[in-house]
Amino acid sequence: MTLTEKITAAAFFLIAGILALLAVRHFMQRGFLLNNAYIYASEKERETMDKAPHYRQSAIVFCLLSLVFIVIGLSIVLQNGKLLLLELPLTAGAIAYAVISSAKQLKKPKR
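Residues numbered from 1 in each chain as written. Predicted model: local features only at pLDDT ≥ 70, side-chain atom pairs only at ≥ 80, totals over all residues. Heavy atoms only, no water.

Asks: Explain the packing of aromatic side chains here, please?
Replies: Two measures describe an aromatic ring pair: the distance that separates the ring centres and the angle between the ring planes. According to the stated counting rule, one finds two aromatic pairs in the structure shown. Between Phe32 and Tyr38, the aromatic rings sit 5.8 Å apart at their centres with planes inclined by 70 degrees, giving edge-to-face as the arrangement. Its relative accessible area of 14% is what places Tyr38 among the buried residues. Its end group placed over the ring of Tyr38, Arg46 keeps NZ or CZ at 4.6 Å from the ring centre. (Phe/Tyr/Trp six-rings, centres within 6.5 Å; stacked < 30°, edge-to-face > 60°. Buried < 20%, exposed > 50% of the residue type's maximum accessible area, 1.4 Å probe, protein only. Lys NZ or Arg CZ within 6 Å of the ring centre and 35° of its normal.)

Structure representation (structure tokens):
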């Protein structure tokens, strides 16, 4: 494995670690809520918003994205291109989950 491949794999693992850390913090409902519904809400809406489902949604998406970067890093380290076939369903799953859960949250009646 060349130096470039080692650096690239390390970068992917670093990104995966950061995403995993964000996922854990969001599961614990700690830190800034990285969710579009919260970011684009007004100050008044943020005060009354139930943040728990948004934290959970973001945490699950971060977990899935962390897995995507782990798979990419492993495919570089193991020099196995077939591992990248796992990347597609994981990425599609993260996108599908984000879209479907956002739609479900919009349909819920506000209290």
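From this point on, the discussion continues.
Asks: Looking at this structure, how should I read the nonpolar core?
Replies: Membership of the largest hydrophobic core is limited to five residues, which are Leu33, Tyr38, Ala41, Met49 and Tyr55. Here Ala41 is in contact with Arg46 and Met49, once residues within four sequence places are set aside. (Core = buried A, V, L, I, M, F, W, Y, C linked by side-chain atoms within 4.5 Å. Contact = heavy atoms within 4.5 Å.)

Asks: Honestly, the packing of helix α1 (residues 3–27) against helix α4 (residues 52–77) in this entry has me stumped. Any pointers?
Replies: A packed helix pair is summarised by two numbers, namely the angle formed by the two axes and the spacing between the axes. Contact pair α1 / α4: the axes reach a minimum separation of 8 Å and the direction vectors enclose 160 degrees. By the angle class used here, α1 and α4 are roughly antiparallel. Crossing hand, α1 versus α4: left-handed. Of the residues assigned to the contact of α1 with α4, the class counts are 22 nonpolar, five polar and one charged. (Axes fitted to C-alpha atoms, helices over the stretch in contact; angles between N-to-C directions. Helix = DSSP H or I, 4+ residues; strand = E, 2+ residues; numbered from the N terminus. Parallel < 35°, antiparallel > 145°, perpendicular 65-115°, else oblique. Left-handed = near helix turned anticlockwise from the far one by under 90°. Nonpolar A, V, L, I, M, F, W, Y, C, P; charged D, E, K, R; others polar.)

Asks: Explain helix α5 (residues 87–107) here, please?
Replies: In an α-helix there are 3.6 residues to a turn, and that puts residues three or four apart on one side. Taking 1.5 Å per residue as the helical rise, α5 with its 21 residues ought to reach 30 Å, and the 30 Å between its terminal C-alpha atoms agrees with that figure. Buried within α5 we find Ala94, Ser101 and Gln105. Buried residues in α5, looked at end-on, bunch into an arc of 55 degrees, giving them a common side. Seen from the buried face of α5, the exposed residues on the opposite side, beyond 90 degrees, are Leu88, Pro89, Ile95, Val99, Leu106 and Lys107. Elements that come into contact with the buried residues of α5 comprise α4. (Expected span 1.5 Å × (residues − 1). Arc of directions from axis to C-beta.)

Asks: Would you explain α4 in this entry?
Replies: Given a rise of 1.5 Å per residue, 26 residues ought to cover 38 Å, and the 37 Å separating the end C-alpha atoms of α4 matches this to within 8%. Gln79, located one to two residues past α4, shows a positive phi value of around 50 degrees.

Asks: Honestly, the side chain of Gln105 in this entry has me stumped. Any pointers?
Replies: Relative to the elements of secondary structure, Gln105 occurs in helix α5. Side-chain polar atoms of Gln105 contact the backbone oxygen of Pro53, separated by 3.3 Å. (Polar contact = N/O pair within 3.5 Å; in protein donor to acceptor, adjacent residues only side chain to side chain.)

Asks: Hey, could you run me through the packing of α4 against α5 in this one?
Replies: At a closest axis distance of 9 Å, the pairing of α4 and α5 adopts a crossing angle of 170 degrees. When the axis of α4 is compared with that of α5, the two are roughly antiparallel. From α4, Pro53, His54, Arg56, Gln57, Ile60, Val61, Leu64, Leu65, Leu67, Val68, Val71 and Ile72 reach across to α5, where they touch Glu87, Leu90, Thr91, Gly93, Ala94, Tyr97, Ala98, Ser101, Ser102 and Gln105. Looking at side-chain class alone, the contact of α4 with α5 contains 13 nonpolar, seven polar and two charged residues.

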